[in-house]
Amino acid sequence: MKKRLLFVDDDTNLLMGLRRSLHSMREEWEMEFAGSGSEALRLLDKPFDVVVSDMRMPGMTGLELLNTVQNQFPQTIRILLSGQSDRESILNSAVRAHQYLAKPFDAQRLKALLSQTIALGDLLDNASLKSFVSRLNSIPSLPTLYLEVTNELRASDPSPARIGAIVARDMSMTAKILQVANSVSFGTRAEIMQPEQAVLHLGLDTVQSLVLSLSIFSTLSARQQKSYSAEGLWQHSNLTGSICRSIARAEGIPATARGAYFSAGLLHDIGKMIIASADPGHLRVIDQTAIAERKPTWQVEREALGCTHAEVGAYLLGIWGLPFPIVEAVAWHHRPSDSPANEMSPLAAVHVANVLASQSHMENAHIEQLIDTVFLERIGRLDQLETWTSACDETPNQGQTR
């Protein structure tokens, strides 16, 4: 079935250009073009898979339109276009849009982005979870880390380096700040892979407004904290990220590129946090069932929810516009052989690091039973497993596992 896309802009020339540039997709996409928000509303008789709207239009603004779309059709992916790159525009888009694209932009790159974003929809077949994920503006952060970053931002002389380091310890804040930073940098073709880089790119004023003014970074509720081991999830995620970075170092990956490996490891289980946000009791029951039935957690999730935390996390990070290497690693970290990957990437590191972080006390023979050696052989890294395991032994805080 064709995917439905709606493009809204009061610039007639821009719409005509999009028609020409996207003409080759007409067999896959059913596309509508509207010159105003009111015209777009008349076309919303049934849901679109994606709505791409300009921010500043006479009459109804793009933000107002996307607010209506979110309320009526929460599963629709919402993308905002703007020729303004001021802090107010960025902050407003962070609440209503999944992605914010600064004008001018390359139409072919937009087509590639839309194709990739639409394809992510197939990861998540659970309609109720897809609706919930599409509504998310923020994911709860660990209270102690949230307090650290707010205290640093309120200090007389806040340090971007210190703020970036705090954010880099929290999967939720990392995901959100990478979303905003990559949206803002879309027109420059730069991909921002690590939170420290994102803080510097956005600037302290914007980060401060994101954290303190809009509350898009929130803390876990008391109910959420009681429902499952949030601290354990954070420790495991940080350890996995650290091992990923050690694996990247062992592979000779340049220091400037290791941030993608750490971020992918840090974010690999963010789907668990999303599931917990939807229903705090779900995660506890799933974990208990997995232990009782001696099954992997992701298998129990599929039986109970129709999808896994890996798919939930990848879907959100994908529609938020995070770089593909991170999304790919999150999506396939339990089943890398099912991915299209054929070379060394964060996916390989996250898959192995996740096992090592969870099973570092076990013998290597047992570890190899849990690691997809067929995949490692496919990408030419099976002979590196021993080296990677040694890198795990040298990673700080390796005892902090779930």
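Scroll up to find the structure this text is about.
What counts as what
- Residues numbered from 1 in each chain as written.
- Predicted model: local features only at pLDDT ≥ 70, side-chain atom pairs only at ≥ 80, totals over all residues.
- Heavy atoms only, no water.
- Helix = DSSP H or I, 4+ residues; strand = E, 2+ residues; numbered from the N terminus.
- Buried < 20%, exposed > 50% of the residue type's maximum accessible area, 1.4 Å probe, protein only.
- Contact = heavy atoms within 4.5 Å.
- Areas by Shrake-Rupley, 256 points an atom, 1.4 Å probe, with all protein chains shown as cover.
- Pairing = 2+ DSSP bridges.
- Axes fitted to C-alpha atoms, helices over the stretch in contact; angles between N-to-C directions.
- Salt bridge = Lys/Arg side-chain N within 4 Å of Asp/Glu carboxyl O.
- Phe/Tyr/Trp six-rings, centres within 6.5 Å; stacked < 30°, edge-to-face > 60°.
- Lys NZ or Arg CZ within 6 Å of the ring centre and 35° of its normal.

Participant: Would you mind going over the overall build of the chain with me for this structure?
Facilitator: When helices and strands are tallied, the chain shows 23 helices and five strands. Looking at the chain residue by residue over its 402 residues, the buried ones come to 56%. For the chain, long-range pairs separated by at least 24 residues make up 71% of all intrachain contacts whose partners lie at least 6 apart in sequence. By element, 48% of the accessible surface of the chain is carried by carbon and sulfur atoms, the whole surface being about 16600 Å².

Participant: When you look at helix 6 (residues 127-135) in this model, what are you seeing that I'm missing?
Facilitator: Along an α-helix, residues three or four positions apart point the same way, because every turn accommodates 3.6 residues. For helix 6, the full list of buried residues reads L129, K130, S131, V133 and S134. Against the buried residues of helix 6 lie strand 4 (77-82), helix 15 (270-278), helix 17 (297-305) and helix 18 (309-319).

Participant: Just checking my understanding: could you explain the sheet that holds strand 2 (residues 29-34) for this structure?
Facilitator: The strands making up a sheet are joined through hydrogen bonds of the backbone, oriented either antiparallel or parallel. The five strands are arranged 2-1-3-4-5 in an open sheet whose pairing can be described as parallel. Either end of the sheet is taken by a strand with one partner, and the two such strands are strand 2 and strand 5 (99-102). Between one strand axis and the next, the sheet turns by 15° as a mean value, whatever way the strands run. Packing of helix 1 (residues 12-21) onto the sheet brings it into contact with strand 1 (3-8) and strand 2, and relative to strand 2 it is tilted by some 170°.

Participant: I would appreciate a short explanation of the pattern of salt bridges in the present structure.
Facilitator: When the charged atoms of two side chains lie near each other, side chains of opposite charge can form a pair. Per the stated rule, a full pass over the model turns up nine salt bridges. R335 is the partner of E311 in a salt bridge, and the nearest nitrogen-oxygen pair spans 3.4 Å. With a gap of 24 residues between them, E311 in helix 18 and R335 in the loop between helix 19 (324-332) and helix 20 (346-359) connect regions that are remote in the sequence. The class of E311 is buried, set by a relative accessible area of 5%. Exposure remark for R335: the relative accessible area of 23% places this residue in the partly exposed category.

Participant: Can you help me understand the packing of aromatic side chains in this one?
Facilitator: Under the defined criterion, the tally for this structure stands at one aromatic pair. Between F7 and F33, the aromatic rings sit 5.3 Å apart at their centres with planes inclined by 15°, giving stacked as the arrangement. Placement of the pair is F7 in strand 1 and F33 in strand 2, with a sequence separation of 26 residues. A cation sits over an aromatic face here: R4 above F48, 3.9 Å from the ring centre. A cation over a ring is seen here: R245 above F262, with NZ or CZ 4.3 Å from the ring centre.

From the geometry alone we can't say anything about function, so treat these as descriptive.
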